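Observations on the model geometry
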Amino acid sequence: MDDLSAAYGRLSPVERAIADWQMGWITKRLPHQVPPKDRDWVIWLLLAGRGAGKTRTAAEVLGSWAVTQPGTRWLVSAPTYGDLTGVCFEGESGLINVIPPSLIETYNRSEIEIKFLNGSTIKGITAEKPERFRGPQFHGGWLDELAAWQRADEAFDLLMFGMRLGDHPRIIATTTPKPNTIIRNLLAREGKDVIVTRASTYANLGNLAPTFRDQILRYEGTTIGRQEIHAEVIDPEEMGVIKRTWIKLWKGELPELEFIVMSMDTAFTEDTGSTVKGDPDYSACCVWGVFSPRPDRRDIILLDCWQDRLGFPDLIRRVKKEYKAEYAPRERSILKPMFGPSHMENSGRRPDLLLIEDKGSGISLRQTLGREGIISAPYNPGRARKLDRLHAVSPLFAAGRVWVVESSKAPGHPVSWANPLVEQLCTFSGEGSIPHDDMMDAGVQGLRYLADRDMIRVTRPEAPEPRERDDRPKGNPYAA
């Protein structure tokens, strides 16, 4: 102890401030807040429930890297500018409130940058605009609430290109998990270059405000509680609005169809997707048929669906071909599909309406088709978010009014060409929750059109029963 005290006494004021800070954190941190001991990791993925101490952990670890490695550059990124400044830098557990002020030379709030006395820097860049990651280079960084980034895949790829300084750049990724692509991809790398630490809200319960504890623990035992409290990565279909069990399977020949709508969500320009991954959006089509399984109700059956990346000339040709398709109550009309069902000429009903979303690419498609004599209807979803639109048609599924053809090769499952649509419908839980939602957009758009025009609805008002005529005199019932 005397030797330790003597060594401590020989430290400079800056070295003493670092030692005091580091020892203070080491004595307080919880097991899940200790960085992995394995030296080969590149990404430390800390999946933790609300209030488990993710922010404090990352601020302490990243700050210690910056002050103990002079002249290094570090990145911090978060979903929005407000998250970046209000949580990561200036929050109660953020960098400015964790790192001793005596170690900081300047903090530029407008540039979101900390400069240390030893020449190191910590730079904040919001994840809202992934292209801002082009150019800057770092020794490592901290990615906060990665599962909530709107353009996570693109932003992650770009920032990783900038992790090229030093011998072994490292990333701390802290988040309450969601079952989206970026989290699933990182989990697939566990044991290779990714180390995963999991912690629940209960691990840090003693440091949380009583009101917060009461609020968050109300969700114990629920699906959202498993995610937000216990940091479970839930099966995507458990988080979706539409449940697979709600979708009815149609066996045998198609029913007699009363109306058919061909609904399209289009994308044919080069800027429809990520310029990093070369992963543009799809043009997607869903064909819905209205039929009456019994006289007092109408249902909907999926007749066709496909998605493809098409240039504008190819899209025109594809739409013209599909619009001539005919659907009949014959089993052969849905056999051997290429992208969707194969069609038999002159075998049944053709689409009654071609519905195209009223946006840039859709407007161009409608205009071109119109010049060739194919009239289509525009559909404007207004300001409703995709999730709101899906919620709006979810009662149709919940009531068992939406049918998909059953596979003859895999009884109990949808026919193979319908699987992409079913998967998108059942896994979509909000923007960024699935890589592509174009087929879902096309499908929901068609259902919304049918529902808006009262061609299909879950409940129909019952007509009042006729009363028997009463010709008796209407005297005062209370008279003597």
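Read on for a plain summary of the structure.

About the thresholds
Residues numbered from 1 in each chain as written. Predicted model: local features only at pLDDT ≥ 70, side-chain atom pairs only at ≥ 80, totals over all residues. Heavy atoms only, no water. Helix = DSSP H or I, 4+ residues; strand = E, 2+ residues; numbered from the N terminus. Buried < 20%, exposed > 50% of the residue type's maximum accessible area, 1.4 Å probe, protein only. Pairing = 2+ DSSP bridges. Axes fitted to C-alpha atoms, helices over the stretch in contact; angles between N-to-C directions. Contact = heavy atoms within 4.5 Å. Salt bridge = Lys/Arg side-chain N within 4 Å of Asp/Glu carboxyl O.

A few points about unusual backbone geometry
In this model, Ile112 sits at a positive phi of 50°, which is unusual for a non-glycine residue. By secondary structure assignment, the location of Ile112 is in the loop between strand E3 (104-108) and strand E4 (113-116). Exposure remark for Ile112: the relative accessible area of 6% places this residue in the buried category. Even without being a glycine, Asp454 presents a positive backbone phi close to 60°. Relative to the helices and strands, Asp454 resides in the segment after helix H15 (438-452).

Observations regarding the sheet that holds strand E1 (residues 43-48)
Taken in spatial order, the eight strands line up as E3-E4-E5-E2-E6-E7-E1-E8 in an open sheet, and their pairing is mixed. Among the strands making up the open sheet, the edge pair consists of E3 and strand E8 (194-199). For this sheet, the mean inter-axis angle between neighbouring strands, taken without regard to orientation, is 15°. One ladder, built from three bridges, connects E4 with strand E5 (residues 121-124); its direction is antiparallel. Residue pairing in the sheet places Glu113 in a bridge with Lys123 of E5. Together, E1, strand E2 (73-77), E4, E5, strand E6 (140-144) and strand E7 (170-175) form the strand contacts of helix H3 (residues 54-68), whose direction differs from that of E7 by roughly 165°.

Re the pattern of salt bridges
The full count for this structure, using the stated rule, is 22 salt bridges. Where Lys320 meets Glu372, a salt bridge forms, and the shortest distance between an N and an O atom there is 2.6 Å. Here the residue Lys320 occupies a position in helix H11 (residues 312-323), and Glu372 occupies one in the loop between helix H12 (360-371) and strand E14 (377-379), the gap between them amounting to 52 residues. You can call Glu372 partly exposed: its relative accessible area is 43%. As a salt-bridge pair, Glu357 and Lys359 come within 3.7 Å of each other at their nearest N and O atoms. On the accessibility criterion, Lys359 (29% relative accessible area) is partly exposed.

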